[in-house]
Amino acid sequence: MMERIKKTDHVYNQAYEVIRSMIIKGEIPPGQNLVEEKLASSLGVSRTPIRESLRRLQQEGLIQGKRVVQPTKEDMKDIYEVRMLVEGHAAKHAAVEMSDSQRLLLIDCISQSRNGLPEEIMKANTLFHDTIMQASHNNYMLNIISQMKSLILLFRHQVGARPCLCEEHEKIYESIMMKDGEAAEHHMRLHLQHNLDFLLSKQP
């Protein structure tokens, strides 16, 4: 059941967050037509914040026209190709430039991924990758990933806690701890390739 917007909250922002979350989690399935009137009624708001939310979600790639995006295999390959280049390079730099507090954060993320509930695992996975990106100190790469953020989260939910994901994160972490940039880049790119292969295997 769709969550209704609280009147005390900023209506536009919350409408955007609710619709975005439902798309990412698959609660609004790929290909579904989004009707402003129905969304406004379900959330208890006017059509204006719904219209603005849908416009923003379209800019982020989660909506095409009036429908929830249905990424093709080629879309997935293209997105992951960019991620492998950018996040692989970020991991290489992070191995040298990451702070001690960021290194501790990575091991906490791995622990949470092993022992947490599904939603906690998802948050830990996101924080693991975000921490490595932040440690690269490259604003241009950060902007590229930021522009892809919603699609990354969409695919991340589809990947879920696939087999060997934690082990792959551990290899990236160990390479960073040893300050071996080449190994960190290799393991990050391999990890993302495995995610892509998993997604493609689920496609008809």
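Since the model is a prediction, treat every value here as computed from it, not as a measurement. (Residues numbered from 1 in each chain as written. Predicted model: local features only at pLDDT ≥ 70, side-chain atom pairs only at ≥ 80, totals over all residues. Heavy atoms only, no water.)

Caption draft 1: Layout of the packing of helix 6 (residues 118–135) against helix 9 (residues 165–177). Between helix 6 and helix 9, the least distance of the axes is 12 Å, while the angle of their chain directions is 25°. Relative to helix 9, the element helix 6 lies roughly parallel. Of the two elements, helix 6 crosses helix 9, and the hand of that crossing is left-handed. Residue-level inspection shows N125, F128, H129 and I132 of helix 6 in contact with helix 9, the latter providing L165, H169, I172 and I176. Partitioning the contact of helix 6 with helix 9 into residue classes produces five nonpolar, three polar and no charged. (Axes fitted to C-alpha atoms, helices over the stretch in contact; angles between N-to-C directions. Helix = DSSP H or I, 4+ residues; strand = E, 2+ residues; numbered from the N terminus. Parallel < 35°, antiparallel > 145°, perpendicular 65-115°, else oblique. Left-handed = near helix turned anticlockwise from the far one by under 90°. Contact = heavy atoms within 4.5 Å. Nonpolar A, V, L, I, M, F, W, Y, C, P; charged D, E, K, R; others polar.)

Caption draft 2: Up close: helix 7 (residues 139–147). Among all positions of helix 7, only M141, L142 and I145 are buried. Buried residues in helix 7, looked at end-on, bunch into an arc of 100°, giving them a common side. Turned more than 90 degrees off the buried face of helix 7, the exposed positions are N139, Y140, S146 and Q147. Check the buried side of helix 7 and you find it contacts helix 4 (73–97), helix 6 and helix 8 (149–159). Where helix 7 begins, one side-chain oxygen reaches toward the backbone nitrogen of Y140, 3.1 Å away; that side chain belongs to N138. (Buried < 20%, exposed > 50% of the residue type's maximum accessible area, 1.4 Å probe, protein only. Arc of directions from axis to C-beta. Polar contact = N/O pair within 3.5 Å; in protein donor to acceptor, adjacent residues only side chain to side chain.)

Caption draft 3: Main features of the nonpolar core. Counting 58 residues, the largest nonpolar core has I50, I132 and I176 as its most contacted members. At nine residues, helix 4 tops the list of elements feeding residues into this core. (Core = buried A, V, L, I, M, F, W, Y, C linked by side-chain atoms within 4.5 Å.)

Caption draft 4: Molecular detail of helix 2 (residues 36–43). Three or more residues of helix 2 are buried, namely E36, L39, A40 and L43. Down the axis of helix 2, the sector holding all buried residues measures 100°, keeping them to one side. Residues of helix 2 that are exposed and angled more than 90 degrees away from the buried face: K38 and S41. Looking at the buried side of helix 2, the elements it contacts are helix 1 (11–24) and helix 3 (47–59).

Caption draft 5: Broad picture of the pattern of salt bridges. Throughout the structure, instances matching the rule amount to 14 salt bridges. A salt bridge links R20 to E60; the nearest nitrogen and oxygen atoms lie 3.7 Å apart. On the criterion of sequence distance, the pair formed by R20 in helix 1 and E60 in the loop between helix 3 and strand 1 (63–64) is long-range, its members being 40 residues apart. You can call R20 buried: its relative accessible area is 14%. A residue is classified by how much of its surface remains accessible, and E60, at 17% relative accessible area, is buried. (Salt bridge = Lys/Arg side-chain N within 4 Å of Asp/Glu carboxyl O.)

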